[in-house]
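Here's the letter readout for the chains.
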Amino acid sequence: MARPRVVVTDFIGGDLEHELNVLGGAAHVEALAAASEQDLQGRIEDADAMMVYHCISIGAETIERLERCKLIVRCGVGYDNVDGAAARRKGIPLANVPDYGTEEVADSAIGMTLSLMRGINFLNRRLQRGRGEWSYTQIRPVHRLRGRVFGIIGLGRIGTAAALRAKALGMDVVYYDPYVPDGRDKSLGVRRVETLEELLGMAHVVSPHCPLTEETRHIIDSSAIAKMRRGGFVVNTSRGGVVDVQAVAEAIVGGQLAGAGIDVLETEPPADDNPLIRAWRDPEHPAHDRVIVNPHTAFYCEEGLEEMRIKGSENCLRVLEGRPPRNVVN
Ligand code: NAD
């Protein structure tokens, strides 16, 4: 009988050291390095398991063509780029890797928050370009972090890790998450609010840590930003679609937002005409110095990347050996 075939669809290039360490004895492993879903045509149909990263989407038509796939692993946390319902109809479990980069994403959210609230990025960029006085007056007013409200949307793994970090800085941590059971606020020593409006009304920083769903798409838009305290900050390390970045750019012009940290965008890499990217690249636009943009790297550290590859591979091995997969999300 032919050896089972496991494909890594995207993101991981030639070196499959980690995948082969786990799967080498049981399967033939291949990296397809696809740049789009079309690139998978004729290359995935006979796969026994698939590992999918974040560079491509897997829709119903692709899933329909899978002849003997026993598992699709989304090597990452968010699985909005794979049609889980189509996989379920086809009887294929979709799993994610929920526990490789929890701390790093929280670190990035807090890192952006600190940089924005302390004026670190703003001052560095301005002075480097010879703009303004060599003085704190450029960034006025900056307020003491202690006691400022850090507003979390989605108190899951990353939201909790961010809450603990913000709390350690003396911030007043408040969260909105209609799906967590009662009492999490008590065990963490943070505050829970019942509605998004309440959170927006009190937060100095709004940091979404929810998945991208129909409910959370553009949960932070112009009307949400208008409900925030004037001069607040938005930090998005969740998914691009959660925040309307055009509204962010406009709110920075009007002063409703004093800045934003953006790790994720709806289209990555963004088009040149993305309104926030255009504003951020324009030295004359207020967003130029007030917005921090990162290329979806909040998850990244060498240790976490290795963990994600190993855990994704281990889940494939489980199904090839006839054991039930872990972390099924569909
Ligand atoms: P998680 O599932 O542990 O937590 C998500 C939380 O969001 C849950 O508590 C859930 O109840 C809550 N939620 C769902 N819908 C909500 C809504 N409408 N309003 C408020 N809360 C809602 O997930 P996690 O591991 O904490 O990851 C969170 C998100 O971070 C992921 O979905 C992923 O998209 C994103 N992420 C980004 C990166 C990155 O590199 N930037 C890396 C990993 C994960």
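Draft legend 1. Summary view of the site of the ligand. Around the ligand, the surrounding shell holds 28 residues, and the nearest of these are Ile 158, Asp 177, Glu 215, Thr 237 and Asp 263. In the environment of the ligand, an oxygen atom lies 3.3 Å from a nitrogen or oxygen atom belonging to the side chain of Arg 239. Backbone polar atom of Phe 299 to an oxygen atom of the ligand: 3.0 Å apart, as the coordinates give it. For the shell around the ligand, the per-class residue count stands at 15 nonpolar, eight polar and five charged. Of the residues that make up the shell around the ligand, three or more belong to each of domain 1 (5-100 + 302-320) and domain 2 (102-293).

Draft legend 2. Geometry of the sheet that holds strand β12 (residues 291-293). An order of β8-β7-β6-β9-β10-β11-β12 is seen for the seven strands of this open sheet, with the pairing classed as parallel. Each edge of the open sheet carries a strand with a single partner, namely β8 (191-192) and β12. Note: strand β9 (residues 205-208) against strand β10 (residues 232-236), two bridges, orientation parallel. Note on β10: the bridge partner recorded for Val 206 is Val 234. Of the strands in this sheet, β6 (149-153) and β7 (172-176) are in contact with helix α6 (residues 157-168), which crosses β6 at around 175°.

Draft legend 3. Structural context of helix α5 (residues 120-128). When α5 is considered as a whole, its buried residues turn out to be Asn 121, Phe 122, Leu 123 and Arg 125. Buried residues along α5 sit in contact with α4 (102-118), α11 (275-281), α12 (287-290) and β12. Positive backbone phi, at 70°, marks Gly 130, one or two positions downstream of α5.

Draft legend 4. Inspection of the nonpolar core at higher detail. Among the nonpolar cores identified, the biggest contains 50 residues, and Leu 23, Met 51 and Phe 150 are the most heavily contacted of them. Counting residues per element, this core draws most heavily on α4, which supplies seven residues. Domain assignment of the residues forming this core places at least three in each of domain 1 (5-100 + 302-320) and domain 2 (102-293). With residues near it in sequence (within four places) discarded, Phe 150 still touches Ile 110, Thr 113, Ala 162, Ala 166, Met 171, Asp 172, Val 173, Val 174, Val 205 and Ser 207.

Draft legend 5. Quick look at the domain arrangement of the protein. For the protein, the assigned domains are domain 1 (5-100 + 302-320) and domain 2 (102-293). The C-alpha-based centres of domain 1 and domain 2 are spaced at 32 Å. With seven residues of domain 1 in contact, the opposing surface of domain 2 contributes five residues. Interface area for domain 1 against domain 2, summed over the two sides, is near 500 Å², with a carbon-plus-sulfur share of 40%. Of all residues in domain 1, Asp 80, Pro 98 and Tyr 100 give up the largest surface area on contact with domain 2, accounting jointly for 65% of the area buried on that side. The partner of Asp 80 in a salt bridge is Arg 239, and the shortest N-O contact between them spans 3.0 Å. On inspection of domain 1 and its partner domain 2, the count reaches three residue pairs in polar contact (both at pLDDT 80 or more). Residue composition of the side of domain 1 that touches domain 2, grouped by class: three nonpolar, one polar and three charged.

About the cut-offs
Residues numbered from 1 in each chain as written. Predicted model: local features only at pLDDT ≥ 70, side-chain atom pairs only at ≥ 80, totals over all residues. Heavy atoms only, no water. Near = heavy atom within 4 Å. Polar contact = N/O pair within 3.5 Å; in protein donor to acceptor, adjacent residues only side chain to side chain. Nonpolar A, V, L, I, M, F, W, Y, C, P; charged D, E, K, R; others polar. Domains from an automatic or database assignment. Pairing = 2+ DSSP bridges. Helix = DSSP H or I, 4+ residues; strand = E, 2+ residues; numbered from the N terminus. Contact = heavy atoms within 4.5 Å. Axes fitted to C-alpha atoms, helices over the stretch in contact; angles between N-to-C directions. Buried < 20%, exposed > 50% of the residue type's maximum accessible area, 1.4 Å probe, protein only. Core = buried A, V, L, I, M, F, W, Y, C linked by side-chain atoms within 4.5 Å. Buried area = accessible area lost by both parts, 1.4 Å probe. Salt bridge = Lys/Arg side-chain N within 4 Å of Asp/Glu carboxyl O.

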